[in-house]
Amino acid sequence: AKALEAISNMLITLSKRINAGMVKEELLELCSIREIGRIRSFTLGNSGINSIKKLVNPNNRWTVVNILQSEQLAERIIENAKKIHRLQ
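Since the model is a prediction, treat every value here as computed from it, not as a measurement.

K.L.:
Lay out the pattern of salt bridges in plain terms, naming residues and giving numbers.
P.N.:
Inspection of the entire model under this criterion finds 4 salt bridges. Among the ionic pairs, Glu35 bridges to Arg76, the shortest N-O distance being 2.8 Å. With Glu35 in the loop between helix H2 (28-31) and helix H3 (38-46) and Arg76 in helix H6 (residues 71-87), this pair connects stretches of sequence that are 41 residues apart. We classify Arg76 as partly exposed; its relative accessible area is 42%. Of the charged contacts in the structure, one is a salt bridge between Glu75 and Arg61, with a shortest N-O distance of 2.3 Å. Taken together, the residues span a long stretch of sequence, with Glu75 in helix H6 and Arg61 in helix H5 (residues 61-68) at a distance of 14 residues. Here Glu75 falls in the partly exposed class, since its relative accessible area comes to 29%.

Listed below in structure tokens is the structure:
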């Protein structure tokens, strides 16, 4: 039963990665946010913003704005992330 559960979890994770464009497993959380896909999650992750918690941290705001090269886009994404963050 344990092995079956482990295999099931691996397949669910792989399925999510494929749907997100073969994104790294550690960046899947970012891909759950509206307007973040494979490329944006990769770019954010390379700059150390690899979780929703880091994305909504006010100290990282300008980093996110600079990475996304748009203050409006950054604000929208941060707001979307806050909605998810509250549910966790």
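K.L.:
Provide a residue-level description of H5, including the pertinent values.
P.N.:
Where H5 is concerned, the buried positions are Val64, Val65, Ile67 and Leu68. End-on view of H5: buried residues confined to an arc of 165°, all on one side of the axis. Away from its buried face, by an angle of more than 90 degrees, H5 presents the exposed residues Trp62 and Asn66. Residues of H5 that are buried make contact with H3, helix H4 (52-56) and H6. Trailing H5 by a residue or two, Gln69 shows a phi angle of about 55°, which is positive.

K.L.:
Could you give an account of the environment of Leu44, naming the residues involved and the relevant values?
P.N.:
In this fold, Leu44 is placed in helix H3. Classification of Leu44 by relative accessible area gives buried; the value is 0%. Through-space distance from the C-alpha of Leu44 to that of Ile7 is 30 Å; in sequence the pair is 37 residues apart. Leu44 has contacts with Leu30, Ile36, Ile49, Val64 and Ile67, leaving out every residue within four places of it along the chain.

K.L.:
With reference to specific residues and values, describe a nonpolar patch on the surface.
P.N.:
A cluster of nonpolar side chains, Ile7, Leu11, Leu14, Ile18 and Met22, forms an exposed patch at the surface whose accessible area comes to about 480 Å². Positionally, Leu14 belongs in helix H1 (residues 2-19).

K.L.:
Quick rundown of the environment of Ile36? Include the residues and the values.
P.N.:
Relative to the assigned elements, Ile36 resides in the loop between H2 and H3. Distance in space between the C-alpha atoms of Ile36 and Gln72 is 14 Å, their sequence separation being 36 residues. Residues in contact with Ile36, not counting those within four places in the same chain, are Leu30, Cys31, Ser41, Leu44, Leu55 and Ile77.

Parameters and conventions
Residues numbered from 1 in each chain as written. Predicted model: local features only at pLDDT ≥ 70, side-chain atom pairs only at ≥ 80, totals over all residues. Heavy atoms only, no water. Salt bridge = Lys/Arg side-chain N within 4 Å of Asp/Glu carboxyl O. Helix = DSSP H or I, 4+ residues; strand = E, 2+ residues; numbered from the N terminus. Buried < 20%, exposed > 50% of the residue type's maximum accessible area, 1.4 Å probe, protein only. Arc of directions from axis to C-beta. Contact = heavy atoms within 4.5 Å. Patch = residues over 30% accessible without salt bridge, like charges linked within 9 Å, V, L, I, M, F, W, Y side chains within 5 Å. Areas by Shrake-Rupley, 256 points an atom, 1.4 Å probe, with all protein chains shown as cover.

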